[in-house]
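# Summary of the model geometry
Take a look at the letters that make up each chain.
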Amino acid sequence: MADEDAVLILSSVKVNGRAALVSAFPDRLVIIDRGGTETIPIGHVARVTHKAGVRSGRLGIVIADGRQFEIRGLRARDTPTAFQVLVRLASGR
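In this report, we go over the structure that sits alongside the text. If you're wondering where the values come from, they're calculated on a predicted model, not measured in any experiment.

Conventions used here
One numbering rule holds for all chains: residues counted from 1, following each sequence as written. Per-residue local features of the predicted model are confined to residues with pLDDT of at least 70, and side-chain atom pairs are confined, for both listing and counting, to 80 or more; whole-chain, interface and lining totals are unaffected and use all residues. Neither water nor hydrogens contribute to the side-chain values; these are computed over all heavy atoms in the structure. We call Phe, Tyr and Trp rings a pair once their centres come within 6.5 Å, taking the six-membered ring for Trp, and we label the pair stacked below 30 degrees between planes, edge-to-face above 60, and tilted otherwise. Distance and angle both matter: a charge sits over a ring if NZ of Lys or CZ of Arg is within 6 Å of the ring centre and within 35 degrees of the ring normal. What counts as a salt bridge is simple: a side-chain nitrogen of Lys or Arg found within 4 Å of a carboxyl oxygen of Asp or Glu. A run of DSSP states H or I qualifies as a helix once it reaches four residues; a run of E qualifies as a strand once it reaches two. Both are numbered from the N-terminal end. Partly exposed describes any residue whose relative accessible area lies between the buried limit of under 20% and the exposed limit of over 50%, with all areas from a 1.4 Å probe on protein chains only and scaled to the type maximum. Any two strands with at least two DSSP bridges between them are considered paired. Axis angles are defined between N-to-C directions and span 0 to 180 degrees, where every axis is a line fitted to C-alpha atoms and, for a helix, only to the segment in contact. Pairs of N or O atoms within 3.5 Å make up the polar contacts considered here, provided that, within protein, one atom can donate a hydrogen while the other can accept it, and that residues adjacent in sequence are counted only when both atoms are side-chain atoms. The contact rule is simple, with two residues in contact once any of their heavy atoms fall within 4.5 Å.

## Things to note about the packing of aromatic side chains
Both the distance between ring centres and the angle between the ring planes are used here to describe each pair of aromatic rings. What the rule picks out here adds up to zero aromatic pairs. Taking NZ or CZ as reference, R28 lies 4.1 Å from the ring centre of F25, over its face.

Written out as structure tokens, the structure is:
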């Protein structure tokens, strides 16, 4: 799992309130925080949402089993791009 294979890397963000690094690969989503590493198959992503404010944005990811992840700390201008990449990966395009 090399970072150079990642389609999207979100560093210096918070996932559900904890500092984290999020990497999106064509086949999986990887969330690394102090609690460890969580690998989610990209096909298990049920929904992706986004909201961009004046200064920052956030992404919401819902997994098929009902778990939810809120990613905060993105720059407002980066939020729509990250959203589009995640939607494209989750839809298999």
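This is not the end of the story, as more comes after the structure.
## Concerning the pattern of salt bridges
Under the defined criterion, the tally for this structure stands at seven salt bridges. Here R18 makes a salt bridge to D33, at a shortest N to O gap of 3.7 Å. Placement of the pair is R18 in strand 2 (residues 18–24) and D33 in strand 3 (residues 28–33), with a sequence separation of 15 residues. Each member of the salt-bridge network shares a partner with another, and the members are E38, D65 and R67.

## A closer look at the environment of G53
On the secondary structure map, G53 appears in the loop between strand 5 (45–52) and strand 6 (56–63). You can call G53 partly exposed: its relative accessible area is 39%. Sequence spacing of G53 and R77 is 24 residues, and the spatial spacing of their C-alpha atoms is 9.2 Å.

## Looking at the sheet that holds strand 2
Strand order in this open sheet of seven strands is 4-3-2-1-7-6-5, and the pairing throughout is antiparallel. Bordering the open sheet on either side are strand 4 (36–41) and strand 5, each of which pairs with just one other strand. With direction set aside, neighbouring strand axes in the sheet form an average angle of 30°. Alignment of strand 2 against strand 3, held across five bridges, turns out to be antiparallel. Note on strand 3: the bridge partner recorded for L21 is I32.

## Here we look at the pairing of strand 4
Two elements, strand 3 and strand 4, share six bridges in a ladder whose sense is antiparallel. Each bridged residue has a counterpart across the sheet, and for I31 the counterpart in strand 4 is E38. Here strand 3 folds back onto strand 4, and the loop between the two strands holds two residues.

## Side note on the side chain of T79
Turning to its location among the elements, T79 is positioned in helix 1 (residues 79–91). On the basis of relative accessibility, which here comes to 0%, the residue T79 falls in the buried class. In terms of polar contacts, T79 uses its side chain to reach the backbone carbonyl oxygen of R75, at 3.1 Å. Sequence-distant contacts of T79, that is, excluding residues within four places in its chain, are made with H50, K51, A52, G57, R58, L59 and L74.

Shape descriptors only; they carry no functional weight alone.
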